[in-house]
Amino acid sequence: MDAIQLKQKAAEKAITYVKSGMTVGLGTGSTAYWAIQFLGEKVKQGLDIQCIATSQQSDDLARSLGIPMTRFADISTIDITIDGADETTCTRQLIKGGGAALLREKIVAAATDFYIIIVDEQKVVDKLGKFKIPIEVVPFGYESTIRKIQQLGAKASVRLTKEGNVLVTDNHNYIVDADFGLIDDIDILHKNINEIVGVVENGLFINMASIVVVAHADGTIEVLY
């Protein structure tokens, strides 16, 4: 199976957890895209849900498919969120933020009762860190913030667009991609990054995923609990 088919398989499994009456968080990225597409089809067939998206891109897609959207002011909790990840361990520790939506993704995840991550088998690793950790930072003084991140032992740089401009998130911040190598203690690193003044949030999602749905190249689906 090719990469797109694997993403579709994982997304199809994930949406089986969604039932009418739920508030659903919609992730961001190429895998979450398929979950939103399939939910749009289910809504047309009568699935009664309301959703909150983790990015403007996902919000626009959901609305274009006729999915009812809501906002945090009108809900107390999110029943299920379906999102992707850039890396996951077998114990469901994650790196996210490749799509530059990590802050909203983490806000939604923290408000979610059952947080589903969908990935293909290549995203499953023994130890996090081959994928650089995305870190959202405020624009003011970001050069100084990068230096502080580098002092933690990372090779770090601000993320650029394809046109060579600094990428700006939906929250009007910048993304710094930090390469720490393979990480021995994710809890300490998460704490140390977030203690830097100028850092808004980082892409380590620790003890947040309820399950991880893994699509394998042979067509089988594995659920990590």
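Our subject is the structure that appears above.
Since the structure is predicted, the reported quantities are computational estimates derived from the model, not experimental observations.

Novice: So what about the sheet that holds strand β1 (residues 23–26)? Which residues, and what values?
Specialist: One open sheet accounts for six strands, arranged β2-β1-β3-β6-β12-β13; its pairing is mixed. In this open sheet, the two strands that pair with only one neighbour each are β2 (50–53) and β13 (221–224). The average undirected angle you get between the axes of adjacent strands in this sheet is 20°. Two strands pair when backbone bridges link them, and strand β3 (residues 78–83) and strand β6 (residues 112–120) are joined in this way by five bridges, in the parallel orientation.

Novice: With reference to specific residues and values, describe the pattern of salt bridges.
Specialist: Summed over all chains, the structure comprises eight salt bridges. Close ionic contact of Arg63 with Asp59 constitutes a salt bridge, the shortest N to O distance being 2.6 Å. One end of the pair, Arg63, and the other, Asp59, are both in helix α3 (residues 56–64), four residues apart, so they sit about a helical turn from each other. Lys96 is the salt-bridge partner of Glu105, the closest N and O atoms lying 3.3 Å from each other. Each member of the pair Glu105 and Lys96 is classed as buried.

Novice: Explain the sheet that holds strand β4 (residues 87–88) to me, using residue names and the numbers behind them.
Specialist: With antiparallel pairing, three strands are arranged side by side in an open sheet as β4-β5-β11. Of all strands in the sheet, those bounded by a partner on one side alone are β4 and β11 (204–205). Two strands pair when backbone bridges link them, and β4 and strand β5 (residues 94–95) are joined in this way by two bridges, in the antiparallel orientation. The partner of Glu87 across the bridge, within β5, is Ile95.

Definitions and limits used
- Residues numbered from 1 in each chain as written.
- Predicted model: local features only at pLDDT ≥ 70, side-chain atom pairs only at ≥ 80, totals over all residues.
- Heavy atoms only, no water.
- Pairing = 2+ DSSP bridges.
- Helix = DSSP H or I, 4+ residues; strand = E, 2+ residues; numbered from the N terminus.
- Axes fitted to C-alpha atoms, helices over the stretch in contact; angles between N-to-C directions.
- Salt bridge = Lys/Arg side-chain N within 4 Å of Asp/Glu carboxyl O.
- Buried < 20%, exposed > 50% of the residue type's maximum accessible area, 1.4 Å probe, protein only.

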